[in-house]
Amino acid sequence: MDTGNPSAPRDLAALLDGLSAEARGAGRTDLLTRLAAIRARAQRPTTVVVVVGEFKQGKSALVNALLGIDVCPVDDAVATSVVTVVSHGDEPEVTMRRRGPDGGLVQESARVEDLPFLVAEPSSDPAAPERVDVRVPSPLLADGLVLVDTPGIGGLRSAHGAATRAFLPFADALVYASDAGAELNETEVAFLVDAAGACPNVLFALTKVDLFPEWRRIADLDAEHLRAAGCEPTILPVSHPVWQEAVSAADPDAREESGYPALASELLEVSTRAKERSGIRAAAEARWLLGQLVVADQAELGALSDPSATQARLDELQAASAHLDALSDANAQWQRTLTDGFADLTHQVTHAFRSAMRGADQAVDEGLEKAKKREEIEAVVARVQDHVAEAVRGTFETLNVGAERLGSTVADLLADDALAVGAPGFLSGVGQSPATGWSGIDVTQLLERGGGGDVLAAVRGAQGGIVMLAVMGGLLPAAAASVVAATPFLLGAGVVFGTKGIADVRDRRAQQARQKARQALKRVLDDVQFQVSSELTEALRLSQRHLRDEVGGRLGELSSATKAAVARLAQTAKADAAGNRQRIEELRVRVARLDALDASAAVLAGEVET
Amino acid sequence: MNGGASEAALRAACARAAELSRGTELDRRVAAVVDRFDGPLRVAVAGRLKAGKSTLLNALVGERVAPTDAGECTRLVTWYEEGLRYQVQALLTSGDQRELRFQRGEDAIEIDLEGVDADAVERLVVQWPSSRLATLSLIDTPGLASNDRAVSDRTRGALGVGRGGAPDADAVVYLMRHVHHTDADFLEAFVDPSVGTPVNTVGVLSRADEIGSGRIDAMESASRIAGHLAADPRVAALCSTVVAVAGLVAEAGQTLTESEFQALRAAAALASQERGRVMLTADRFIAADIDGTDRDRRRLLLRRLGLFGVRFSADRIAAGTAPTTAELAAALVEVSGLGALQRVLRERIEPRARALKARSAMLELGDVVSELASSDPSGAAEVGRLLEEASAASHEFAELRASHLVMAGYTDLAGAEAADLLRLLSAPTPAERLGIDASRGLDAVVEEALTAVERWRQRGADPLNDPLTVEACEVGARSAEALYAGANPT
């Protein structure tokens with residue numbers, strides 16, 4: 001694919017402009033909504049950048065500096081405890097998602113000034129939000145970049161760690177924050193190696209370089225550790241105090257010195273690449289729309305050039321139109337396939353999730369039965385967290401794969417249908433247009449590549465992942481905290497003061513602690529089950545509706561295109577010879593224009609070499 | 001109180017054990033028990049790798065004795081004891097001793113292992129003529145959570161975990177990082193519980209200057225965090241208090257040289273705004289153009305004091321509050337939190353030194369007795385009886401054990417009730433033990449002591465109590481009785 005074409009965004013804009021002018025000219029105003037959507041997606045594709053790091057490594061300061069706005073609270077004592085999703089908005093806006101008393105999801109907007117209280121601890125408050133969405137007018141986000149600030153992962157075994165790892169495949173880029181005070185430890189290196197495998201762009205921000213004169217040595221050591229582990233992320237040193245100075249003194253040198261512009265440009269690079277990919281998709285979609293516009297013109301042109309075939313074409317088109325109407329009916333086979341398919345998928349996903357969760361349940365029972373020491377109880381908690389993270393990740397994965405498969409099943413079905421109607425035939429004799437329009441192959445391709453990629457966007461990529469991260473990010477730490485809180489009595493064996501009487505009490509306390517830990521874990525598992533199930537139901541519903549709307553919408557467009565062609569053919573019968581010649585000329589000019597647009601779209605879509 | 005009777009019984013037990021073990025393998029252990037009891041309190045400095053243990057140890061000794069670079073030596077357990085001359089010995093696992101050559105280097109002493117395999121070394125013993133080591137011997141331990149298992153095991157061994165007898169340390173200064181309370185590693189951040197008890201463990205929130213990103217108010221911020229940590233019940237079960245300490249700043253304060261002071265004064269001479277700009281980052285400070293100091297000197301200053309230490313010193317010098325090396329050194333020690341840590345050691349640990357050492361001696365002797373039992377059951381029983389007597393005669397032990405039970409959460413006491421009992425068991429003066437104003441005089445002590453006797457007897461008599469709660473309350477009642485007797489000589 002020809003990426004990195006600097007004029008591509010301009011060419012795409014020109015193509016879309018030309019296309020909307022043609023759609024208006026042809027009276028197909030129904031296409032304008034889709035065009036606007038295509039344009040928006042191309043200009044601002046969602047690129048998710050997740051910011052990860054251990055506790056107190058300067059993640060929030062980093063997010064603020066990148067955005068140029070203080071969004072996340074920075075405090076020595078207080079840590080971010082909530083997943084914060086920051087995206088672009090013309091006006092600052094805060095929405096928080098939390099669980100209502102019945103466990104259902106409540107969305108409320110909040111004041112920007114209250115943000116620090118929402119995202120900082122303590123998070124044990126049951127009414128605390130599990131996710132906060134912030135919209136800010138930051139230039140970095142203007143192209144669709146979305147920053148996800150995560151709570152500190154706190155060691156690889158920690159709860160947030162498990163949630164964050166499971167989220168990585170959904171992110172376009174990862175910024176790992178670690179301060180220059182110490183070299184990366186083994187668990188951090190392992191996390192980064194994992195991350196590099198799961199996420200296409202990994203950036204390593206070495207924070208607080210202002211504080212540590214030895215930061216260069218640390219950076220070299222880190223690079224060495226990572227290279228030895230087979231991963232080579234870009235290491236970017238950054239300093240928040242220098243950035244603050246640069247802002248208050250409006251000093252461009254200090255701005256560079258802070259390291260943030262370098263980090264921001266790496267992120268913009270990621271978002272530019274995403275934009276290129278979305279441009280390619282947009283061009284492919286444009287070709288589909290061009291195909292629709294040209295259908296009527298070519299049908300009319302064919303009829304004018306060879307009036308004897310007009311009736312046959314009219315019959316064909318009317319048959320196609322009737323068929324398309326039938327397809328739009330709620331009882332059409334693709335509709336039934338979709339409905340049945342989603343019913344199956346729902347069953348499959350629910351079942352997979354339940355059995356995966358049963359694994360976590362068993363881990364609790366088996367693990368705690370044998371656990372005597374606190375290390376063992378902690379190991380159980382860690383194992384349960386991993387089970388849960390894997391269960392949730394696996395479930396969303398099943399959902400994605402299933403929805404994608406349904407998408408292509410429906411596409412295939414429609415393609416077969418199209419063949420059955422003889423749809424490719426009705427275009428076969430018409431001109432030399434590269435716009436193939438209504439053909440089986442096109443539908444399949446579009447559902448898979450063009451529109452199809454976006455059909456699944458509701459569950460795939462960012463959204464599903466963020467939902468998952470937020471749910472786990474809220475629940476898993478709660479699990480850890482409640483279990484850890486239940487274990488202190490296992491401590492302080494204290495041989496120093498003798499063991500008389502202590503052993504009995506300790507055993508009893510250990511028993512109680514196990515019991516408490518078990519109850520705490522089971523309660524958390526119930527919560528996970530309940531919340532994830534409701535998220536899944538929602539995700540399934542959304543993706544079903546999305547798929548139905550997308551396919552239905554396209555069929556509707558085709559139906560309009562066909563009806564327009566029918567109307568135009570009907571008109572040709574009434575025209576006189578002189579009018580015909582003029583009309584043929586007009587149509588030729590327009591078809592040539594559409595062909596030119598299509599040629600440029602084909603280049604932008606990477607379907608032909610320049 | 002009745003420490004005398006207890007000590008006499010302990011010495012009698014030692015003497016009897018020495019007679020019985022003469023000529024056997026146990027001979028040396030018994031002698032060591034006596035030495036230990038008569039020697040200084042042994043305080044282990046423990047914590048995770050890179051928590052700044054060696055730096056803190058230097059600060060406590062007041063000299064740069066501990067190797068701070070990541071060489072082999074920090075992987076070994078090192079004891080620092082008062083000695084008549086400077087001397088380093090390696091105690092090998094085989095039981096042999098070997099004197100090692102060493103050099104006082106720029107930053108620390110450099111010890112030459114002379115080809116001795118580090119794995120064959122049980123510990124290094126550094127003898128140093130230092131007045132600060134007269135009352136406390138210090139034990140430097142390698143990181144507990146070291147990636148190298150041998151290193152962790154050595155540390156556990158040094159702290160007496162997983163073997164009979166008493167731990168090597170009588171008390172523990174435990175360095176903790178700033179960890180999140182939901183962190184799965186949270187509890188791992190603490191020393192193995194078989195050694196530490198809240199009674200003899202002081203928590204230190206280390207690298208406190210970095211927690212506040214080196215800002216000039218960094219230490220206040222770190223102290224607040226230390227306060228939160230100490231209030232966490234899980235931490236409270238392990239150490240009685242948490243002090244925020246900036247080890248580097250403390251060490252520099254203890255060992256500040258005149259030429260370092262001059263260099264800092266040169267930096268302080270910059271105009272305030274320029275100083276702020278230059279000292280914003282370590283890089284800028286090194287690269288800056290400052291009359292009277294060169295880059296290498298400034299690089300060294302940063303290594304010695306850290307960015308916070310440099311900023312603080314320059315501020316104080318510029319403000320005129322630290323016009324001399326000595327005054328700046330004192331200010332650094334105070335701001336670093338070392339002063340507070342030393343106060344805690346002086347007020348909470350040292351007054352209990354005899355009891356803590358006696359307890360260690362008893363544990364060790366108890367282990368000797370159990371070994372003796374196989375060859376000489378009646379002799380062993382005799383020493384055992386003497387030990388029981390020593391233990392029973394000391395109300396101080398009982399208080400320590402009761403404090404431990406309450407703090408570590410073995411009793412049903414909690415909240416204000418637990419706090420009252422702990423105060424009664426361990427505060428330094430009668431008035432403080434009873435929680436009354438010292439100016440109220442003896443009559444008030446008598447009156448309050450009687451109330452306390454009654455309160456803890458009743459609390460201990462609750463039929464729902466478990467045995468350990470009963471024990472703690474009864475000890476409390478006896479402590480109150482002693483206070484009554486002390487204030488009411490009739």
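Here is what the cut-offs are and how they apply
- Residues numbered from 1 in each chain as written.
- Chains lettered and ligands numbered in written order.
- Predicted model: local features only at pLDDT ≥ 70, side-chain atom pairs only at ≥ 80, totals over all residues.
- Heavy atoms only, no water.
- Helix = DSSP H or I, 4+ residues; strand = E, 2+ residues; numbered from the N terminus.
- Buried < 20%, exposed > 50% of the residue type's maximum accessible area, 1.4 Å probe, protein only.
- Contact = heavy atoms within 4.5 Å.
- Areas by Shrake-Rupley, 256 points an atom, 1.4 Å probe, with all protein chains shown as cover.
- Phe/Tyr/Trp six-rings, centres within 6.5 Å; stacked < 30°, edge-to-face > 60°.
- Pairing = 2+ DSSP bridges.
- Right-handed = clockwise from strand over helix to strand, strands pointing away.
- Axes fitted to C-alpha atoms, helices over the stretch in contact; angles between N-to-C directions.
- Core = buried A, V, L, I, M, F, W, Y, C linked by side-chain atoms within 4.5 Å.
- Salt bridge = Lys/Arg side-chain N within 4 Å of Asp/Glu carboxyl O.

**Notes on the overall build of chain A**
Piece 1. A tally of regular secondary structure across chain A gives 19 helices and nine strands.
Piece 2. When the 610 residues of chain A are sorted by exposure, 53% land in the buried category.
Piece 3. Considering only intrachain contacts with a sequence separation of at least 6, the fraction spanning at least 24 residues in chain A is 81%.
Piece 4. In the form shown here, chain A has an accessible surface area of approximately 25,500 Å², with 52% of it arising from carbon and sulfur atoms.

**Comments concerning the environment of Cys 199 of chain A**
Residues and elements named next belong to chain A.
Piece 1. Mapped onto the fold, Cys 199 is located in the loop between helix H6 (186–198) and strand S8 (201–207).
Piece 2. What makes Cys 199 buried here is its relative accessible area of 2%.
Piece 3. Residues Cys 199 and Phe 167 lie 32 residues apart in sequence; the distance between their C-alpha atoms is 9.5 Å.
Piece 4. Those residues in contact with Cys 199 that lie beyond four places of it in its chain are Leu 168, Ala 171, Asp 172, Ala 173 and Leu 174.

**Some remarks on helix H3 (residues 53–61) of chain B**
Residue and element names in this part refer to chain B.
Piece 1. H3 sits mainly inside the fold: nine of its nine residues count as buried.
Piece 2. Taken together, the buried positions of H3 are Lys 53, Ser 54, Thr 55, Leu 56, Leu 57, Asn 58, Ala 59, Leu 60 and Val 61.
Piece 3. Backbone geometry just downstream of H3 places Gly 62 in the positive-phi region, at approximately 90°.

**Here we look at the packing of aromatic side chains**
Residue and element names in this part refer to chain A.
Piece 1. Within this structure, the stated rule accounts for six aromatic pairs over all chains.
Piece 2. Taking 6.1 Å as the distance between ring centres and 75° as the angle between the ring planes, the aromatic pair formed by Tyr 176 and Phe 204 counts as edge-to-face. Of this pair, Tyr 176 sits in strand S7 (residues 173–179) while Phe 204 sits in strand S8; the two residues are 28 residues apart in sequence, bridging distant segments of the chain. Judged on exposure class, the residue Tyr 176 and its partner Phe 204 are both buried.

**Concerning the pairing of S7 of chain A**
Residues and elements named next belong to chain A.
Piece 1. Of all seven residues in S7, seven are buried, a share of seventy percent or more.
Piece 2. Burial of S7 is two-sided: the residues Ala 173, Val 175, Ala 177 and Asp 179 facing one way and the residues Leu 174, Tyr 176 and Ser 178 facing the other way are all buried.
Piece 3. Direction of pairing for strand S1 (residues 47–53) relative to S7: parallel, over a ladder of five bridges. Each bridged residue has a counterpart across the sheet, and for Gly 53 the counterpart in S7 is Ala 177.
Piece 4. When S7 meets S8, the two strands line up parallel, connected through seven bridges. Bridging across to S8, Val 175 finds its partner in Leu 203.
Piece 5. Crossover handedness for the path S7 to H6 to S8: right-handed.

**Here's the deal with the environment of Val 384 of chain A**
Residue and element names in this part refer to chain A.
Piece 1. Counting through the fold element by element, Val 384 comes out in helix H13 (residues 374–421).
Piece 2. With relative accessibility at 4%, the residue Val 384 sits in the buried group.
Piece 3. Distance in space between the C-alpha atoms of Val 384 and Met 357 is 9.3 Å, their sequence separation being 27 residues.
Piece 4. Once residues within four sequence positions are removed from consideration, Val 384 is found in contact with Ala 360, Ala 363, Val 364, Leu 521 and Leu 525.

**Quick notes on the pairing of strand S10 (residues 201–205) of chain B**
Residues and elements named next belong to chain B.
Piece 1. In terms of burial, S10 is a largely internal element, five of the five residues being buried.
Piece 2. Of the two faces of S10, the one carrying Thr 201, Gly 203 and Leu 205 and the one carrying Val 202 and Val 204 are both buried.
Piece 3. Relative to S10, strand S9 (residues 171–176) runs parallel, the two being bridged by five bridges. In the sheet register, Val 172 faces S10, and the bridge partner there is Thr 201.

**Brief notes about the sheet that holds strand S1 (residues 41–47) of chain B**
All names here are of chain B.
Piece 1. The strand order across the open sheet built from nine strands is S4-S3-S7-S2-S8-S1-S9-S10-S11, with neighbouring strands paired in mixed fashion. Among the strands making up the open sheet, the edge pair consists of strand S4 (97–100) and strand S11 (242–244). If you compare each strand with its neighbour and ignore which way they point, the axes differ by 25° on average.
Piece 2. As paired strands, strand S2 (residues 78–82) and strand S8 (residues 136–140) are joined by three bridges and run antiparallel to one another. Opposite Thr 78, over in S8, you have Asp 140 as the bridge partner.
Piece 3. Each of S9, S10 and S11 is contacted by helix H6 (residues 218–231), which is oriented at about 165° to S11, the strand it contacts most.

**Some words on the nonpolar core**
Piece 1. Val 148, Leu 174 and Trp 334 of chain A together with Phe 285 of chain B are the most contacted members of the largest nonpolar core, which has 152 residues in total.
Piece 2. Beyond its immediate chain neighbours, meaning those up to four positions away, Trp 334 of chain A contacts Leu 327, Val 410, Leu 413, Leu 414, Arg 548, Val 551, Gly 552 and Leu 555 of chain A.
Piece 3. Of all hydrophobic cores here, the second largest spans 98 residues; its members include Trp 128, Leu 387, Ala 398 and Leu 434 of chain B.

**Looking at the pattern of salt bridges**
Piece 1. Inspection of the entire model under this criterion finds 49 salt bridges over all chains.
Piece 2. Across the salt bridge formed by Arg 583 of chain A and Glu 586 of chain A, the nearest N and O atoms sit 2.8 Å from each other. Here Glu 586 of chain A and Arg 583 of chain A lie together in helix H19 (residues 577–604), a separation of three residues that amounts to about one turn.
Piece 3. On the accessibility criterion, Arg 583 of chain A (23% relative accessible area) is partly exposed.
Piece 4. On the basis of relative accessible area, Glu 586 of chain A is assigned to the partly exposed category, the value being 42%.
Piece 5. For Glu 399 of chain B, the salt bridge is made with Arg 433 of chain B, and the minimal N-O distance between the two is 2.9 Å. Placement of the pair is Glu 399 of chain B in helix H17 (residues 395–407) and Arg 433 of chain B in helix H19 (residues 430–434), with a sequence separation of 34 residues.

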